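Topology and contacts: notes
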Amino acid sequence: MTHTDAVDVLNTIYGYDAFRGQQADIIDTVIKGNDALVLMPTGGGKSLCYQIPSLVRPGVGVVVSPLIALMQDQVDALRALNLNAQFINSTLDIDSIRAIEADLRQGLVDILYVAPERLLMPATLALLDALDIAVFAIDEAHCVSAWGHDFRPEYMGLSVLSDRYPDVPRMALTATADRRTREEIAKNLDLVSAQHFVSSFDRPNIRYLVGESQGGREDLWRFIKAFHPEDSGIVYCLSRKKVEDTAAWLEKKGRVALPYHARMSAQEREHNQNRFLREDNIIVVATIAFGMGIDKPDVRFVAHLNLPKSVEAYYQETGRAGRDGEPANAWMSYGLQDVITLRQMMQQSAADDQHKRVESHKLDAMLSLAEMTGCRRQWILDYFDEPGSAPCGNCDNCLTPPETYDATEAAQKAMSCVYRTGQRFGVNYLIDVLHGKSSDRIVQFGHDQLSTHGIGADISAADWRSVFRQLIALNFLSVDLEGHGSVKLTENARPVLRGETQLQFRRQLATVKPKRERSGRARTPVSIAAGDQPLWNALRALRKDLADEAGVPAYVVFTDATLADMVQKRPSSLEEMSMVSGVGDHKLERYGLEFMAVVNEFEAEIDDA
Ligand code: ADP
Ligand code: ZN
């Protein structure tokens, strides 16, 4: 019985045909009054899991979220569905809060967002005591775990909810939780009897592309120009300076590119983040500080100009792409220098030994991911304890299997050159010796007399750098502590030098070139055929106008997924328009005719032709 109510809400309010994955089970569990712990990847559709029980059960749904800055957008998205959504936080003045309280007491509010510290204030709890509450949803629930990466002490207080409101179902939701974090969530939020719903961490719509950097940002520009000429995206760099330079450079290329880093003022950062959220073609160039809780569903690409420090960071950052389930690209370019810098940073870090060991393991894993020749998704899922998936067909290695070669001999030459020059020199010097150059320095050290002088003349400098990069990445060579970048042999080097271990390396790639799809898919990764591009652009333009008028982000009007479905279905009546995914009753009424008019215009043009 409750289930049909839930499906009805899904169809009429949200305009979606069917639940995804475990949504139906989760919603059913909570509607029946039981607790739930929900682990779902970003973009999996967590919001519906608490919104629909909030609507189907009597009373208001209370959503606890740490991200005050994003509450406005969340509420706007629900209001666009004609729901009564509110938030109470410190940005509101006392009169607005009074008005919301009055609405709550009259039972007019469907969904209420509050931050944990606000919820736990005696006045708020007293208010809640007087209300019918449909469900408590604790979003970003990993914040309650000290083991996780984003502990917030105020989350600990939320365990009072189970004592104070024993009859109200509670749910905890998060996209990031390993087994240990999950146990802590259950314990600290007193959710011991909650049913656990653990979805796969896979993000099948994200295409992973990793390559060696040749031209640095020129590579980036080629990628953006070819695949995302008008899309929103995030570019991550390691340093503030690189952020600023890259943003300015992309601006010169004609894109709106906004910097975001820790040294900017809070206002500037907020301003840039808001533009990114609201407009649909902005690139943010950021240090890793950017993105926590970014709810923008239509980020079409995430690019890394530097190697992240861990697979966890890489997966979280790339995970900000494609929350709407439409195709998105995760592009990364890295080179020898990244490997050297990160190895050095790790060694110089002030952390204690145990911590350092953990960090260095994490970096090793990241480097293995970067250098590997098999399916990257399979490897990532395995890393996150989901073994046994099949090759994905949607990563660079699956799409264009990398050429490998037997690098044993080259490695031996490189390593014996390291050894014979006394393990005191950097890669560039070593390559000069391998090439048989006789610079003053080489002669002065007598290295022109070594047996390794000139033994690598047949291999280009770029190829030697690739060999050294892989040797350092895979821990056959280490980089000097003092920061001069001189390399030394590690324990692993010996069996290779003795000829006991064979090495298969990947051939140097020119650049990362995501190939065009043979199916004639157009440049934007959302599946729009080339011939449909004009209609797609016109629909996006209308969406932007309507969003600007209402002062909301573009996706609040319609998501990319909805516009793509519109292009596909080309509705010519309101009835047909209502079949488009994401067009519920209210949006049909509010926007249906205007979007239909644009579709009709293009139909007419085709007829004329
Ligand atoms: P999460 O919070 O897990 O990152 P969201 O709740 O923001 O994910 O959902 C991601 C996107 O998928 C949103 O645009 C949402 O409207 C859409 N979505 C969720 N469930 C469905 C569904 N059953 N059918 C179609 N689209 C859905
Ligand atoms: Zn793959």
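1. A few points about the confidence of the model for the protein
Mean pLDDT over the protein stands at 89; residues scoring 70 or higher make up 93%. Of all secondary-structure elements in the protein, the lowest mean pLDDT belongs to helix α14 (residues 336-348), at 81, while strand β5 (residues 133-138) reaches the highest, 98. Segment residues 510-524 is flagged for pLDDT under 50; beyond a separation of four residues in sequence, or across chains, it makes 36 contacts in the model.

2. Comments concerning the domain arrangement of the protein
Taken as a whole, the protein is organised into domain 1 (3-198), domain 2 (206-399), domain 3 (404-506) and domain 4 (530-608). Each of domain 1 and domain 3 has a C-alpha centre, and the two are 57 Å apart.

3. Some points on the site of ligand 1
As a matter of local geometry, ligand 1 sits amid 15 residues, with Tyr16, Gly43, Lys46, Ser47 and Arg323 nearest to it. In the model, a nitrogen atom of ligand 1 is placed 2.9 Å from a nitrogen or oxygen of the Ala18 main chain. Residue Gly44 places a main-chain N or O atom 3.4 Å away from an oxygen atom belonging to ligand 1. Here ligand 1, which alone exposes 560 Å², has 85% of that area covered by the protein. It is helix α3 (residues 46-56) that provides the largest number of residues to the shell around ligand 1, a total of 3 residues. Considering only residue class, the shell around ligand 1 consists of 5 nonpolar, 7 polar and 3 charged.

4. Topic: the coordination of the zinc ion (ligand 2)
Taken together, the protein donors to the zinc ion (ligand 2) comprise Cys375 (SG), Cys392 (SG), Cys395 (SG) and Cys398 (SG), at separations of 2.3 to 2.4 Å. Here the zinc ion (ligand 2) is ringed by 4 donor atoms whose angles at the metal span 102 to 119°, and the overall shape comes out tetrahedral. For Cys392, a relative accessible area of 24% corresponds to the partly exposed category.

5. A few points about the sheet that holds strand β7 (residues 195-198)
Taking strand neighbours across the sheet as the criterion, the 7 strands line up as β3-β4-β2-β5-β6-β1-β7 in an open arrangement whose pairing is parallel. The strands lining the two open edges of the sheet, one partner per strand, are β3 (85-88) and β7. Across the sheet, the axes of successive neighbouring strands diverge by a mean angle of 20°, strand direction being ignored. Where strand β1 (residues 36-39) lies against β7, 4 bridges are found, and the strand directions are parallel. Along β7, the bridge assignment pairs Ala36 with Gln195. The strands touched by helix α2 (residues 23-31) within the sheet are β1, β5, β6 (170-174) and β7, with β7 carrying the most contacts at an inclination of about 160°.

6. Notes on the sheet that holds strand β11 (residues 283-286)
Strand order in the open sheet formed by 6 strands is β8-β13-β12-β9-β11-β10, and the pairing between neighbours is parallel. In this open sheet, the two edge strands, each paired with only one partner strand, are β8 (206-212) and β10 (257-260). Taking the axes of each pair of neighbouring strands and ignoring which way they run, one obtains an average angle of 15° across the sheet. When strand β12 (residues 299-304) meets strand β13 (residues 328-334), the two strands line up parallel, connected through 4 bridges. Following the sheet pairing, His304 is matched in β13 by Met332. Sheet contacts for helix α11 (residues 240-252): β10 and β11; angle to β10, the most-contacted strand, approximately 170°. Most of the contacts of helix α12 (residues 266-278) go to β10, to which it runs at about 140°, and overall it touches β9 (232-236), β10, β11 and β12.

About the thresholds
- Residues numbered from 1 in each chain as written.
- Chains lettered and ligands numbered in written order.
- Predicted model: local features only at pLDDT ≥ 70, side-chain atom pairs only at ≥ 80, totals over all residues.
- Heavy atoms only, no water.
- pLDDT = per-residue confidence, 0-100.
- Helix = DSSP H or I, 4+ residues; strand = E, 2+ residues; numbered from the N terminus.
- Contact = heavy atoms within 4.5 Å.
- Domains from an automatic or database assignment.
- Near = heavy atom within 4 Å.
- Polar contact = N/O pair within 3.5 Å; in protein donor to acceptor, adjacent residues only side chain to side chain.
- Areas by Shrake-Rupley, 256 points an atom, 1.4 Å probe, with all protein chains shown as cover.
- Nonpolar A, V, L, I, M, F, W, Y, C, P; charged D, E, K, R; others polar.
- Donors = N, O, S within 2.8 Å, 3.2 Å for Na, K, Ca; no water.
- Tetrahedral: all angles 85-135°; square planar, octahedral: opposite > 155°, others 65-115°.
- Buried < 20%, exposed > 50% of the residue type's maximum accessible area, 1.4 Å probe, protein only.
- Pairing = 2+ DSSP bridges.
- Axes fitted to C-alpha atoms, helices over the stretch in contact; angles between N-to-C directions.

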